[in-house]
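Residue-level structure breakdown
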Amino acid sequence: MPPLLLVPRPAESKFGCMNRSSDMSSGKWKSVSSTELAQSIDGGGAGNSAEILIVDCRSLVAFNGLHIRGAIHVNCTGIGRKRLSQGKAKLKDLISSAEGKEKFIRGGVGTTFVIYDELSSDPEDCNPCRPICLVLQNLLKEGRNISVLKGGLKEFCRDYQNLCENAPVNHCDLADFPPSPTTCDSCPGRPQGTPVTAILPFLYLGNEEGAADEALIDRLSIKYILNLTPRCPNFFSHRSDLNYRQIKVNDSNQEDIAQHFDEAIQFIGKCL
């Protein structure tokens, strides 16, 4: 299992929630009914599917299970939510697929962003820690045209099941992640593949090659390194500006990795 490389930023919010803003006023956004959205998707309403971008604000697991046709997913839960609420990540950084990120970036002045979660209650009345509220606030800051789907996915799929779908197998863009380590004749025992891959703007997934590359670590301003291997050394533990934690996890299907979750999460929490 490869080491996890982290770039910390100083924490600003104890609870990882944004303060309720006057921009949450309904004068800044509109509500859209399931019927209106269905007509737009089918091109039968005043707008058409080229003029709207549907944004799913639920968990990735829920999105993969069922979502509105053509929706993109923003991963505004857990660490992503905390970084977004602190202003240390942008919405485009939390979009789960490269295709979705491209659609988001292309969305211009004439694009209406339709956001929803499971029920899509009135954002003025909801807990500001809820992902849909954080997404709404950030879209407002970016000056986007926003509509909130009344009744959320539950009501929409009840009335328009034909416009709901599962995520394709390749939704998560697995090609963006490093391949499984292999070995070669010229460097026996040394894992090959991508040395480091950005998961979030502050979070990197790496292998032994990346962990041993001091220039790479400095270039990415990495200060915290979580080593999840039993044998890979903490290469630069002599440096006072690098914080290491090693949890010896065997890369085996017999390993009970759940027993290490609390320790790993606590270490990652220190970095945020």
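So, here is what we can say about the structure in this document. (Residues numbered from 1 in each chain as written. Predicted model: local features only at pLDDT ≥ 70, side-chain atom pairs only at ≥ 80, totals over all residues. Heavy atoms only, no water.)

Turning our eyes to something else, we now look at the pattern of salt bridges. Where charged atoms of side chains with opposite charge meet at close range, the side chains can pair. By the definition in use, this model includes 14 salt bridges. A salt bridge links K92 to D93; the shortest N-O distance between them is 3.5 Å. Using a relative accessible area of 22% as the deciding quantity, one classes D93 as partly exposed. Here E214 makes a salt bridge to R239, at a shortest N to O gap of 2.8 Å. Of this pair, E214 sits in helix α8 (residues 214-219) while R239 sits in the loop between β11 (224-227) and β12 (243-246), and the two are 25 residues apart along the sequence. Of the residues examined, E214 reaches a relative accessible area of 32% and is grouped as partly exposed. Salt bridges sharing partners connect three or more residues here, namely E214, D218, K223, R239 and D241. (Salt bridge = Lys/Arg side-chain N within 4 Å of Asp/Glu carboxyl O. Buried < 20%, exposed > 50% of the residue type's maximum accessible area, 1.4 Å probe, protein only. Helix = DSSP H or I, 4+ residues; strand = E, 2+ residues; numbered from the N terminus.)

This brings us to the nonpolar core. Counting 23 residues, the largest nonpolar core has V74, F104, I115, V135 and L139 as the members making the most contacts within it. Elements with a contribution of two residues or more to this core: β3 (52-56), β6 (112-116), α5 (131-141) and β7 (145-149). Among the elements that line this core, the one with the most residues is α5, at seven residues. Dropping the residues within four chain positions of it, V74 is found in contact with V55, D56, C57, R58, L91, L94, I95 and V135. Within the second largest apolar cluster, 17 residues are counted, among which are F63, A71, V114 and F156. (Core = buried A, V, L, I, M, F, W, Y, C linked by side-chain atoms within 4.5 Å. Contact = heavy atoms within 4.5 Å.)

Where nonpolar side chains cluster on the molecular surface, the patch consists of I257, F261 and I265 and spans about 290 Å² of accessible area. Structurally, the position occupied by I265 is in helix α9 (residues 261-271). A relative accessible area of 57% places I265 in the exposed class. (Patch = residues over 30% accessible without salt bridge, like charges linked within 9 Å, V, L, I, M, F, W, Y side chains within 5 Å. Areas by Shrake-Rupley, 256 points an atom, 1.4 Å probe, with all protein chains shown as cover.)

Moving on, we come to the sheet that holds β6. Read across the sheet, five strands follow the order β2-β7-β6-β3-β5 without closing on themselves; strand pairing throughout is parallel. Two strands bound the open sheet, and with one partner strand each, they are β2 (30-32) and β5 (72-73). As paired elements, β2 and β7 share three bridges and run parallel to each other. Following the sheet pairing, S31 is matched in β7 by V148. Strand contacts of helix α1 (residues 34-41): β2, β3, β6 and β7, with the helix running at about 125 degrees to β3, the strand carrying the most contacts. (Pairing = 2+ DSSP bridges. Axes fitted to C-alpha atoms, helices over the stretch in contact; angles between N-to-C directions.)

This next bit is on α9. All buried positions along α9 are accounted for by A264, F267, I268 and C271. Projected onto a plane normal to the axis of α9, the buried residues spread over an arc of 100 degrees and lie on a single side. Facing away from the buried side of α9, by more than 90 degrees, are the exposed residues D262, I265, Q266 and K270. (Arc of directions from axis to C-beta.)

What follows deals with α1. The α-helix winds at 3.6 residues per turn, so residues separated by three or four positions along the chain end up facing the same way. Turning to α1, its buried residues number three or more, namely S34, L37, A38, S40 and I41. Each buried residue of α1 lies within a common arc of 160 degrees when the element is viewed along its axis, so the set occupies one face. Check the buried side of α1 and you find it contacts β2, β3, β4 (67-68), β6, β7 and α6 (152-159).

Along β11, one buried face is formed by Y224 and L226 and the opposite face, lined by I225 and N227, is buried too. The pairing of β11 with β12 spans four bridges and is classified as parallel. Considered in β12, the bridge of Y224 is made with N243.

Let us now look at the packing of aromatic side chains. Here a ring pair, both rings aromatic, is described through the centre-centre distance and the interplanar angle of the planes. One pass over the full model with this rule turns up four aromatic pairs. The interplanar angle of 65 degrees and the centroid separation of 5.9 Å between the aromatic rings of Y224 and F267 together place this pair among those described as edge-to-face. Highlighted residues: Y224 in strand β11 and F267 in helix α9, separated in sequence by 43 residues. Per residue, the accessibility class of Y224 equals that of F267, and both read buried. In this structure, R144 is placed above the aromatic ring of F104, and the distance from its NZ or CZ to the ring centre is 4.9 Å. (Phe/Tyr/Trp six-rings, centres within 6.5 Å; stacked < 30°, edge-to-face > 60°. Lys NZ or Arg CZ within 6 Å of the ring centre and 35° of its normal.)

Just distances and angles here, no functional claims.
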